[in-house]
Each structure stands twice: as C-alpha cells, then as structure tokens.
Amino acid sequence: MKIDKSTVLHIAHLARLEVKEEELNQMQEDLEKITDFMDLLNKVDTTGVEPLIFMTEEINVLREDNAVESITQKDALKNAAHKDSDYFRIPKVKG
Amino acid sequence: MYKNFAEVKNAITSGVSVLEIVHYYLQNIEKNKECNIFLEVFSDSILTQAKLVDQKIKNKQAGRLAGLVIAIKDNICYKDHRVSASSKILKNFCSLYTSTALQRLLDEDAIVIGRTNCDEFAMGSSNENSAYGHVKNPLNLNKVPGGSSGGSAAAVIANTCTVSLGSDTGGSVRQPASFTGTFGVKPTYGRVSRFGLIAYASSFDQIGVFANTLEDTALVTEIMSGKDSLDSTCSSKQVEKYSVFEKTEKKKIAVFKEVLHNEHLTEDVKNSFSSLLNNLKNEGHEINEISFPYLDVLVPTYYVLTTAEASSNLSRFDGVHYGYRSKDAVGVEETYKKSRSEGFGIEVKRRIMSGTFVLSHGFYDAYYTKAQQVRRIIKEKTKEIFSNNDFILSPTTPNSAFEINSVKDPIQMYLQDIFTVHANLSGNPAISLPLFKDKDGFPFGLQVVANNFFEKELFSFSNYLVKFRND
C-alpha cells in the first residue's frame, strides 16, 4: 500500500515515537513493504466470519475478591528514572 | 557431561555436589563467552542456591528438580534479578516478582544460572536484534542460533545449563531449537501461565523449554503447566504426566501438500522430511497428504495481529514509571517520545509502527478485523484436521541455520517462521525434535503439532520419533 510521509508521521505520533528526518524514507519504505505483505490477507474470503478475539477456552474465570498487597510503594518506585520519597517525578509540564 | 538431568542425578547419587555441577556449567559459560549467550550470570545467587539445594539433598528434603540448573530468557521475571528483554529501554530494570512458570520450577529446587540474550522484546528470528549484540551459534560462530530465544537455545547446546526457558510467539522456541539441534516445545496456548513473562503479543505468547533430551523437555513442561490465579487466560484443565511416555500405536498423520512442495525448502530439508515420512509409512502409520490453502497467509495474519498487540503492550514503556528516560526531554509528550525513540531498537519501532497503523482509524477493519477473521478460519480448519488426524508433521524450518547478517530484508526474515506460526495462530502445542542434519552437518528439526491440550500424546509420539534421529 502506498503510504505517504504525513501518514508515517501521524502513525509515529499515535505510537509516541519520533521518526527523524533521516529515518523517514526508510520507515516509509518498510511500512509500504509490510502492508503489501499484509494485503495477502485479501486472498481469503471472510464474508460472514466472526472475528476471533479470545484464544482461551476458559469462561468466567472468577475468584474471591481478597485484598492482597501486590507490591509495596517502595518497590513500585524502585525502578523509576526519577522519584522523590513518595512520587514518580516527571519533567516540568508548565513553563 | 551433565548434558541432561539424568546425568546430573546420576552424578548427585554418586556423591557429586550441586555446587560442583554449577562450577562445571560456569566454566562452560566462560569458554563460550564469544557466543554472547548470557546477558548476566547470576554468579552470587546461583552459588548460594546450589549450597541450599545440597543441604536439602543431604537432609532428604529435596524437590523433584534438585540439581537442575536453568538459564532463563531475558524476558522472564525472577524477583530481585535484572531483566531487560534485551532492550536498552529496560537496562538495569530489576524484577519485583517471579514469573509463575519459573516459581514452580524453583519450588521443586531448580536453580537459575543466568539470563540469556534474545531478540529485543522477542521480536526476531535470528537473535540479531538484541541491544546487547547478537548471539553466535555455538555449532558454528558464523551462523545465527535462530531467534528470538537464540541465547536460551545456544545455552543448552553449549552445555552451560541443564535446560533453559524461552518464549514462543511465532516460533521463537522451535526455530532456534531447529538451528541448534536441541529439543524445543511450545505448549498449548493457556497451558503455562504468562504471569511474569514480558508481553510481546498476549494472545500468542507461551513460555517453552529447551533441552538436550525429550525427557527433560517433558518434565519441565509438566511442572510449569497448570492453572494460575494470576493469569486468567491460563487453563484450569488438569495437567497429565507428560514425563511418562505411553507406547505409540499406529497414528494418523497429516502433512500439508503446500509444505511438501514449498519453494522455500532446501533440498536437504525436503529429502530428509520425505524419507522420514516413508519410514513412518513403512511402520504402518497413515500419512494423509492434505491441502492447507492458508499457508501463504499465516505469516501476514500473524504480523497484523502480533504487531497490533505489541503496539498496545509496549505502550507501557513511557519513561515515567520505570525504564529508560531521555535526558533532554521537556514536558510529558517529549518524555514519552524521546524515551521510547532512544530506548527501542529499529525492529521494535518497526513493529510498533505497523501495529499502530493496523489499529488506526480507517485501517482497523481492513487489517485488524480481517486478520481476526482469518485467524478464526485457520483455527476452525485446524480443528477439522485434528478431527481426522492425530498430528501434523512438517520441517520446523525451511532451512538450517543461516549466516549472521545474511538476511537483511524484514519480510524475508519474517518468512523464517512460515511453518511455526500456524501453532501460535491456532493455539496448538508443537515441538521441534532434532532429527535431521544437512550435508554440512548442521541440524534442523522436525515439527510435530498436536491437538489442543494433547501434550501427553505429543511427548509420547515424540519419544517414538526420536529413534529416527539421524546423527
């Protein structure tokens, strides 16, 4: 499928990725090749077929609603790039 | 030495300590450094754990896996140990919990020697997509070990552990097993809990096992399997004794014409596979050559669905809660964009972009819904095949291991999975058995696919097939 540069940039924004000017051509070319490949699906007649969404055979998996501490606040903060004693820290939002 | 659990147990019975066995494996890790198999050797914890198991053996309190030394793919969480999915974005990330599958092995006194290199976020078929360098095939350093669980496959064939764990989304255990001459199994979707496995495509992923013997493959699968309250997609079906093999009666075996006459098959693969089928026919099994008209659409269907799921799963890597954060980002959106763009490698970005595309407004129905419909057709067709047949046989891969850097086009690389993705699309259990070698002596596998939750039959029939191993 033909994909123009502005579509590549739009998809990148939705994916919260940056595509730099020098990467744009390659990404555009790759996406065109990949979607061409995906277009092979059109060979299959799917008229009236329900999409398959869940792979599990389990139905209504229920359990008691017990309160369990999964991780502590200390653990949750352990892998953060920036934090203070109680919070994740992010760069300043408002100037 | 210590190539399998039977040898380990014999050594322990004759007085060798688990600590000594661990030292032996550590030496082999050192000898194979050039292959770049391990991202980290858990040097401290493994020695402590080995001593504890030795004590338990002495006190006659040891579990079923005492002495078993495992290597884990770098996407399986092990509490208080680092895990990175071979990505820069998770460099230095430390697991807060242990995956259920691994915990069950630890509960039986298995111990973990280290985490193995893989393709970043399990995306790849050659282990060339790791942020920490590619893995070399220990059988020939110019070749790839396969992927994405290339490090785990290499770890077993290089004798650096007794067994290893990998994950299989489209063939990531079976393809590297084929390329390294090891056993590699992907259980039925939902047989093994995915809790603590870093997600790539949640409706496809399963944790699987690499080993040098079928017995070890079956035993580890048996212990990992079964219901888990932490993964609601995990099956509540009872786990049978996979490690006890039944005698094989005459079987009905389906073979796809489209596989037999596939243009991607090398001569060696084609000949070995045909001659095995002849042997099976001579032994009285029924070989049914049937048409499977969906072979060409398996890989594209897989790519639409897995990239869509990946784009959603990987949205959690935002540079805020954990993982890499770009140093020079200003504001929230830039934090997301710069952290992700600097943290992810090119193949991961390509797949996130593809997945975002197929889920985006205007393309959703044409790609994502369409692929889900095709998936249902494939699953129904597979079910129909198993109503008349016990197993589906094919080569695991169309070729043996290829040279590093020799496959450059992404689509050509995706086609590596042409025979393996079927089982992930339909959820069936499948195993690669190291039966064959090409004219240069490089291994490639036979793939056996069974009906859903027929692991017991899969392992029993595999045990019969192993006698056709061509060494």
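The structure this text deals with has already been given above.
Residues numbered from 1 in each chain as written. Chains lettered and ligands numbered in written order. Predicted model: local features only at pLDDT ≥ 70, side-chain atom pairs only at ≥ 80, totals over all residues. Heavy atoms only, no water.

*Asks:* Which parts of the structure should I look at to understand the overall build of chain B?
*Replies:* Check the secondary structure of chain B and you find 16 helices and eleven strands. For chain B, whose C-alpha radius of gyration is 21 Å, the value lies close to the compact-globule estimate of 23 Å for 471 residues. Taken over the C-alpha atoms alone, chain B extends approximately 65 × 65 × 45 Å along its principal axes. The burial tally for chain B puts 66% of its 471 residues in the buried class. Sequence-distant contacts, at least 24 apart, represent 75% of the contacts inside chain B between residues at least 6 apart. Counting every atom, chain B has about 16200 Å² of accessible surface; 47% of that belongs to carbon and sulfur. Distance between charge centres in chain B, computed from 53 positive and 52 negative side chains, equals 2 Å. (Helix = DSSP H or I, 4+ residues; strand = E, 2+ residues; numbered from the N terminus. Rg over C-alpha atoms; globule rule 2.2 N^0.38 Å. Buried < 20%, exposed > 50% of the residue type's maximum accessible area, 1.4 Å probe, protein only. Contact = heavy atoms within 4.5 Å. Areas by Shrake-Rupley, 256 points an atom, 1.4 Å probe, with all protein chains shown as cover. Lys, Arg positive; Asp, Glu negative; His and termini not counted. Charge placed at Lys NZ, Arg CZ, Asp CG, Glu CD.)

*Asks:* Looking at this structure, I do not really get unusual backbone geometry. What am I missing?
*Replies:* Excluding glycine, most residues fall at negative phi; most peptide bonds, likewise, are trans. All names here are of chain B. The omega angle of the peptide bond from Gly147 to Ser148 is 5 degrees, so this bond is cis rather than trans. In this structure, Ala122 takes a positive phi of about 65 degrees despite not being glycine. Locating Ala122 in the fold gives a position in the loop between strand 3 (111-116) and helix 5 (150-157).

*Asks:* So what exactly am I meant to see when it comes to the packing of aromatic side chains here?
*Replies:* Any pair of aromatic rings gets described here by the distance separating the centres and the angle formed by the planes. Residue and element names in this part refer to chain B. Applying the stated rule across the entire model yields 24 aromatic pairs over all chains. Positioned above the aromatic ring of Phe453 is the side chain of Lys237, whose terminal nitrogen or guanidinium carbon lies 4.5 Å from the ring centre. Lying across the ring of Phe204, Arg375 places its NZ or CZ 4.0 Å from the centre. (Phe/Tyr/Trp six-rings, centres within 6.5 Å; stacked < 30°, edge-to-face > 60°. Lys NZ or Arg CZ within 6 Å of the ring centre and 35° of its normal.)

*Asks:* I tried to follow the packing of helix 1 (residues 5-14) of chain A against helix 2 (residues 21-38) of chain A on my own but got confused; where do I start?
*Replies:* In helix packing, the relevant descriptors are the interaxial angle and the interaxial distance, both defined with respect to the helix axes. All names here are of chain A. Packing of helix 1 against helix 2 leaves a shortest axis separation of 10 Å and a crossing angle of 90 degrees. Between helix 1 and helix 2, the angle falls in the class roughly perpendicular. Contacts from Lys5, Val8 and Leu9 in helix 1 reach Leu24, Asn25, Met27, Gln28 and Leu31 in helix 2. Counted by class, the contact of helix 1 with helix 2 contains five nonpolar, two polar and one charged residues. (Axes fitted to C-alpha atoms, helices over the stretch in contact; angles between N-to-C directions. Parallel < 35°, antiparallel > 145°, perpendicular 65-115°, else oblique. Nonpolar A, V, L, I, M, F, W, Y, C, P; charged D, E, K, R; others polar.)

*Asks:* Sorry if this is basic, but what is going on with empty space enclosed by the protein here?
*Replies:* Any empty space left between the atoms is revealed when a probe the size of a water molecule rolls over them. All names here are of chain B. The final tally for this structure, using the stated rule, is three cavities of 30 Å³ or more. Of the voids in this model, the largest cavity is the one considered here, and its volume is about 90 Å³. Along the wall of the largest cavity there are 13 residues; nearest its centre are Phe256, Ser394, Phe419, His422 and Gln447. Going through the elements one at a time, helix 10 (295-313), strand 9 (391-395), helix 15 (421-426) and strand 11 (443-450) are the ones with two or more residues in the lining of the largest cavity. With three residues, helix 15 is the single largest residue contributor to the lining of the largest cavity. (1 Å grid on protein atoms, 1.4 Å probe; cavity = no way out; pocket = protein on both sides within 12 Å on 5 of 7 lines; lining within 4 Å. Points joined across faces, edges and corners; volume = space filled by probe spheres on them.)

*Asks:* Explain the sheet that holds strand 1 (residues 38-41) of chain B here, please?
*Replies:* Hydrogen bonds between backbone groups are what pair the strands of a sheet, and the pairing can be parallel or antiparallel. Residues and elements named next belong to chain B. Reading across from one edge, 1-3-2-4-6-5-10-11-9-7-8 is the order of the eleven strands in this open sheet, with mixed pairing throughout. Of all strands in the sheet, those with a lone pairing partner are strand 1 and strand 8 (286-290), marking the two edges. Adjacent strand axes in the sheet meet at a mean angle of 30 degrees when their direction is disregarded. Together, strand 1, strand 2 (69-73) and strand 3 form the strand contacts of helix 2 (residues 18-31), whose direction differs from that of strand 3 by roughly 15 degrees. Against the sheet, helix 4 (residues 100-107) engages strand 2, strand 3, strand 4 (163-168) and strand 6 (206-211), with an angle of about 170 degrees to strand 2. (Pairing = 2+ DSSP bridges.)

*Asks:* What exactly am I supposed to notice about the layout of surface pockets here?
*Replies:* Reported here for the largest pocket is a volume of approximately 760 Å³. The class makeup of the residues in the lining of the largest pocket is 17 nonpolar, eight polar and four charged.

*Asks:* Explain helix 12 (residues 346-359) of chain B here, please?
*Replies:* Each α-helix turn comprises 3.6 residues. Residues three or four places apart therefore point the same way. Given a rise of 1.5 Å per residue, 14 residues ought to cover 20 Å, and the 20 Å separating the end C-alpha atoms of helix 12 of chain B matches this to within 8%. Counting buried positions along helix 12 of chain B yields twelve of 14 residues, so the element is predominantly enclosed. The set of residues buried in helix 12 of chain B consists of B:Glu347, B:Val348, B:Lys349, B:Arg350, B:Arg351, B:Ile352, B:Met353, B:Ser354, B:Gly355, B:Thr356, B:Phe357 and B:Val358. Looking at the buried positions of helix 12 of chain B, the neighbouring elements they touch are helix 1 and helix 2 of chain A together with helix 10, helix 11 (331-343), helix 13 (364-388) and helix 14 (410-414) of chain B. (Expected span 1.5 Å × (residues − 1).)

*Asks:* Even after reading the chapter, I still don't get the interface of chain A and chain B, so can you show me in this structure?
*Replies:* Residue-level contacts link 52 residues of chain A with 71 residues of chain B. With both chains or domains summed, chain A and chain B bury close to 5600 Å², and 68% of this area falls on carbon and sulfur atoms. With a shortest N-O distance of 2.9 Å, B:Arg350 and A:Asp30 are connected by a salt bridge. Taken together, chain A and chain B are joined by 21 residue pairs in polar contact (both at pLDDT 80 or more). Looking at the side of chain A that touches chain B, the elements with two or more residues in it are helix 1, helix 2 and helix 3 (73-78) of chain A. For the side of chain A that touches chain B, the element with the highest residue contribution is helix 2 of chain A, accounting for eight residues. (Buried area = accessible area lost by both parts, 1.4 Å probe. Salt bridge = Lys/Arg side-chain N within 4 Å of Asp/Glu carboxyl O. Polar contact = N/O pair within 3.5 Å; in protein donor to acceptor, adjacent residues only side chain to side chain.)

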